[in-house]
Amino acid sequence: MRDDIVALLAPRLAHFAGVARTEHVTRAAQELRVPQSTLSRAMVRLEQDLGVDLFARRGRTLSLTPAGRTFLTSVERALGEIERAAEEVRADADPATGKVAFGFLHTMGAGTVPGLLHAFRADHPRVRFSLVQNYGEAMLEGLRAGELDLCLTSPVPDAPDLVARRLDEQKLRLVVPADHRLAARRRVRLAEAAEDMFVTLEAGYGLRRITDDLCKEAGFRPRVAFEGEEAETLRGLVAAGLGVALLPPPAVPRPGVVELTVTAPRAVREIGVAWLDGHPDTPPVAEFKKFLLSRRGNLLA
């Protein structure tokens, strides 16, 4: 019933507000640029649909009834909200000052993303950003829900409803405590950590999936002591001697750990940009997408 009454009333609300402001059908018709007869019939149908008299009529002059004044207050509030919503979406789409909803991995928040935004805003200084840090699957759901325009994620997704482009790859290191038996080394094979306890991200995170796959390729299944949600927390656990971890390089070196190059298997993760297939871009989103694609092979520099 609610949907039915909204469908009946919505197209007539602006007409009702125009007539209520002027309290004169002819003047309202001129202001609204609709035929007077059309406007008169619309007001009659509106009252019939509501089952309430909104106007007291004296020829072509009208005056609002008490019910009409109550209705007008709510109608003006609703029309004001519609106007504000229209202004907001127009502002978000403005080529110079519009907004980009951009998601990225936690591990890219300290250095990579601030550097990208700084470089982009050199030519687009007034574009605004809504920034969301999350793990990969959550960001893909954000794209599907219309909450994000673009996201940087890993692994690069392969889904029929998404478009994804590989931009770069990032080396992963074996992070060990400073007093670990391998800490004096610079390079290791991942198989040399097969007997260690691992600290990892939780299941469902892209880096966790990559860690499991690399360990499998090295011939073992990692024994997980702790699971977390953020790479720097894992580094803290490693520094406390609670395990080892496969992680991307930190933005700032952390005391208490040693970061070792993994020689085998090849320990990298691909970084890509993704967006919803068929989703129209506003001008600022299109410009930022073009900028990200132009950084292919140089995203992490």
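Here the structure is a predicted model, which is why all the values come from computation and not from measurement.

A short note on the overall build of the protein
Turning to step 1, where the next piece is worked out: A tally of helices and strands in the protein yields 10 helices and 13 strands.
Turning to step 2, where the next piece is worked out: In terms of overall dimensions, the protein is more spread out than a globule: its C-alpha atoms have a radius of gyration of 30 Å, far above the 19 Å expected for 301 residues.
Turning to step 3, where the next piece is worked out: Each principal axis of the C-alpha atoms in the protein carries an extent, and together these give about 95 × 40 × 35 Å.
Turning to step 4, where the next piece is worked out: Of all 301 residues assigned to the protein, the portion counted as buried reaches 43%.
Turning to step 5, where the next piece is worked out: In the protein, 73% of the contacts between residues at least 6 apart in sequence involve partners at least 24 apart.
Turning to step 6, where the next piece is worked out: Of the accessible surface of the protein, which amounts to about 16000 Å², a share of 51% is contributed by carbon and sulfur atoms.
Turning to step 7, where the next piece is worked out: Separation of charge centres in the protein, based on 41 positive and 40 negative side chains, amounts to 4 Å.

A short note on the sheet that holds strand S6 (residues 162-171)
Turning to step 1, where the next piece is worked out: Within the open sheet, the five strands sit side by side as S4-S3-S5-S13-S6. Their pairing is mixed. Of all the strands in the sheet, just strand S4 (128-133) and S6 have a single pairing partner and so form its edges. Averaged over neighbouring strand pairs, the angle between their axes works out to 20 degrees when direction is ignored.
Turning to step 2, where the next piece is worked out: Bridging between strand S5 (residues 150-153) and strand S13 (residues 268-276) involves three bridges; their strand directions are antiparallel. Paired with Thr153 across the two strands is Gly272, which belongs to S13.
Turning to step 3, where the next piece is worked out: Of the strands in this sheet, strand S3 (99-104), S4, S5, S6 and S13 touch helix H7 (residues 136-144), which is tilted by about 165 degrees from S5.

Overview of the environment of Leu46
Turning to step 1, where the next piece is worked out: Assignment of secondary structure puts Leu46 in helix H4 (residues 36-50).
Turning to step 2, where the next piece is worked out: Look at Leu46 and you get buried, because its relative accessible area is 0%.
Turning to step 3, where the next piece is worked out: C-alpha of Leu46 to C-alpha of Arg12: the two residues are 34 residues apart in sequence and 7.3 Å apart in space.

Observations regarding the packing of helix H3 (residues 25-32) against H4
Turning to step 1, where the next piece is worked out: It is the contact of H3 with H4, at a shortest axis distance of 9 Å, that shows an interaxial angle of 110 degrees. Overall, the two elements H3 and H4 adopt an arrangement that is roughly perpendicular. As H3 packs across H4, the resulting crossing turns out to be right-handed. Residue-level inspection shows Val25, Thr26, Ala28, Ala29 and Leu32 of H3 in contact with H4, the latter providing Gln36, Leu39 and Ser40.

Structural notes on the pattern of salt bridges
Turning to step 1, where the next piece is worked out: If you walk through the whole model with that rule in mind, you get 17 salt bridges.
Turning to step 2, where the next piece is worked out: Linking Arg185 and Glu192 is a salt bridge whose minimum nitrogen-to-oxygen distance equals 2.9 Å.
Turning to step 3, where the next piece is worked out: Judged by its relative accessible area of 34%, Arg185 is partly exposed.
Turning to step 4, where the next piece is worked out: Two residues, Glu287 and Lys290, come together in a salt bridge whose shortest N-O distance is 3.6 Å. One end of the pair is Glu287 and the other is Lys290, both in helix H10 (residues 283-294) and three residues apart, which spans about a single turn.
Turning to step 5, where the next piece is worked out: Using a relative accessible area of 28% as the deciding quantity, one classes Glu287 as partly exposed.
Turning to step 6, where the next piece is worked out: Judged by relative accessible area, Lys290 falls into the exposed class, the value being 52%.
Turning to step 7, where the next piece is worked out: Each member of the salt-bridge network shares a partner with another, and the members are Arg166, Glu169, Arg266 and Glu270.

Rules of the game
Residues numbered from 1 in each chain as written. Predicted model: local features only at pLDDT ≥ 70, side-chain atom pairs only at ≥ 80, totals over all residues. Heavy atoms only, no water. Helix = DSSP H or I, 4+ residues; strand = E, 2+ residues; numbered from the N terminus. Rg over C-alpha atoms; globule rule 2.2 N^0.38 Å. Buried < 20%, exposed > 50% of the residue type's maximum accessible area, 1.4 Å probe, protein only. Contact = heavy atoms within 4.5 Å. Areas by Shrake-Rupley, 256 points an atom, 1.4 Å probe, with all protein chains shown as cover. Lys, Arg positive; Asp, Glu negative; His and termini not counted. Charge placed at Lys NZ, Arg CZ, Asp CG, Glu CD. Pairing = 2+ DSSP bridges. Axes fitted to C-alpha atoms, helices over the stretch in contact; angles between N-to-C directions. Parallel < 35°, antiparallel > 145°, perpendicular 65-115°, else oblique. Left-handed = near helix turned anticlockwise from the far one by under 90°. Salt bridge = Lys/Arg side-chain N within 4 Å of Asp/Glu carboxyl O.

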